[in-house]
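Each chain, letter by letter, is given below.
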Amino acid sequence: MSEEDLPIHERAPRQSWLEQGNSLRFRFAARASAVLLLGGAIVSALVQGGYFDYPGSKWLMLPGKAAGLVGMAAEDITISGLEHHEPDVLLAAIGVQPGGSLIGFDAGRARRILEGLDWVESAKVQRLFPNQLAVEVREREPFAIWQRGDAYYVIDRSGAAMSGLSASRLVRLPLVTGEGANSAAAELVNQLSAYPDIMLQVKAAARVGNRRWTLYLDSGITVQLPEKGWEEALRTVDGLNRSQRLLSRGIRSVDLRLAGRVIVEVAELEAEDAGSKTKKAVAGSN
């Protein structure tokens, strides 16, 4: 006798629709967990095997390809404001590559990362769904080259060094040397700009004891400025150069470290030995 021929009260109980649904969900969750576990094991093996360690790896593009299937790959990237750096440097800083995944990309975090770079003054990052990225940056303006020991740094007007720039590419910038020269350079350049005849001759400026400046001119002349009142001393040198062509008279140095005095060291060429003979002239400054 089949189960259908038995009275209803003697038949085996059947699962309700709710019970059947719960059973199906449980089996689906178990299978999904198994797939995720397997996927995690595969990814772990790829990482440990070094498959993500080199730029040409096809595995690096896997997240981007997966994101591309749902329209979330970085296919349209616009970058503006770069003058001294390459786009690749900027994108690497925020962890984005053309064609890569934008899933989970945080525009606010990317902006903070960019503004934390020593060569970026300000940044704006916009994520335009689904696959567009717009980045706008304002770079710090190179102002001078600071020599500290054997190292050379490109600095901005505030004296902050910009590690991403090579000093060898910006040799036309003013050169300052010594401790504290970076933070005092802007004031020196501002004062020199009032005396273009002198400024055009300055090859380098050395900060001495983080207290005063010595200027080195293209002609080999050194101009030693005082610790205090050095702005007035510059005016004195400019006046003497205009009235007496001081910087064109074959001198070695101009020393203004003593208040009210200008000490000029003159080099004379003797005919008999073509040697260098030094004389000093002391003049009062008005």
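Structure's up top.
Since the model is a prediction, treat every value here as computed from it, not as a measurement. (Residues numbered from 1 in each chain as written. Predicted model: local features only at pLDDT ≥ 70, side-chain atom pairs only at ≥ 80, totals over all residues. Heavy atoms only, no water.)

*Asks:* Give me the overall build of the protein: which residues, what numbers.
*Replies:* Helix and strand content of the protein: seven helices and 12 strands. Here the protein, with 286 residues, has 31% of them falling under the buried criterion. Counting every atom, the protein has about 18,300 Å² of accessible surface; 53% of that belongs to carbon and sulfur. (Helix = DSSP H or I, 4+ residues; strand = E, 2+ residues; numbered from the N terminus. Buried < 20%, exposed > 50% of the residue type's maximum accessible area, 1.4 Å probe, protein only. Areas by Shrake-Rupley, 256 points an atom, 1.4 Å probe, with all protein chains shown as cover.)

*Asks:* Which residues make up the pattern of salt bridges, and what values go with them?
*Replies:* Taken as a whole and judged by the stated rule, the model has nine salt bridges. Between Glu232 and Arg235 there is a salt bridge, with its nearest N and O atoms 2.2 Å apart. Taken together, the positions of Glu232 and Arg235, both in helix H7 (residues 230-244) and three residues apart, correspond to about one turn of that helix. For Glu232, a relative accessible area of 40% translates into the label partly exposed. (Salt bridge = Lys/Arg side-chain N within 4 Å of Asp/Glu carboxyl O.)

*Asks:* An account of H7 is requested, with residue identities and associated values reported.
*Replies:* Compared with an ideal rise of 1.5 Å per residue, which puts 15 residues at 21 Å, H7 spans 21 Å between its outermost C-alpha atoms and is within 8% of the ideal. Inspection of H7 places Trp230, Ala233, Leu234, Thr236, Val237, Asp238 and Asn241 among the buried residues, and these make up the whole buried set. Remark: Arg245 follows H7 within two positions and exhibits a positive phi of approximately 50°. (Expected span 1.5 Å × (residues − 1).)

*Asks:* Run through the pairing of strand S4 (residues 144-148), naming residues and quoting values.
*Replies:* For S4 and strand S5 (residues 151-155), the ladder comprises five bridges, and the chain directions are antiparallel. Bridge pairing in S5 places Arg148 opposite Ala151. The hairpin turn running from S4 into S5, its antiparallel successor, is two residues long, and Gly149 in that turn takes a positive phi close to 70°. Strand direction decides the pairing type here: S4 and strand S6 (residues 175-177), joined by three bridges, are parallel. (Pairing = 2+ DSSP bridges.)

*Asks:* Before we move on, could you go through the environment of Asp197 and cite the residues and values that matter?
*Replies:* With respect to the helices, strands and loops of the structure, Asp197 is situated in helix H6 (residues 196-199). On the basis of relative accessibility, which here comes to 35%, the residue Asp197 falls in the partly exposed class. Along the sequence, Asp197 and Leu247 sit 50 residues apart, while their C-alpha atoms lie 9.9 Å from each other. Sequence-distant contacts of Asp197, defined by excluding residues within four places in its chain, comprise Asp238, Asn241 and Arg242. (Contact = heavy atoms within 4.5 Å.)

*Asks:* Talk me through the sheet that holds strand S3 (residues 132-139); I want residue IDs and the actual numbers.
*Replies:* Spatial ordering of the open sheet is given by S1-S3-S2, a layout of three strands whose pairing is mixed. Of all the strands in the sheet, the pair left with one neighbour each is strand S1 (76-80) and strand S2 (120-128). Pairs of neighbouring strands in the sheet enclose a mean axial angle of 10°, with direction left out of account. Both S2 and S3 contribute to a ladder of eight bridges, which runs antiparallel. Following the sheet pairing, Leu128 is matched in S3 by Gln132. Each of S2 and S3 touches helix H4 (residues 107-115); the most contacted strand, S2, lies at about 160° to it. (Axes fitted to C-alpha atoms, helices over the stretch in contact; angles between N-to-C directions.)

*Asks:* Could you give an account of H4, naming the residues involved and the relevant values?
*Replies:* Buried within H4 are the following residues: Ala107, Ala110 and Leu114. Looking straight down H4, one finds its buried side chains confined to an arc of 60°; they lie on one side. Here the buried face of H4 lies against helix H3 (87-93), S2 and S3. Between the side-chain oxygen of the N-cap and the backbone nitrogen of Gly108 there are 3.0 Å, and the N-cap of H4 in question is Asp106. (Arc of directions from axis to C-beta. Polar contact = N/O pair within 3.5 Å; in protein donor to acceptor, adjacent residues only side chain to side chain.)

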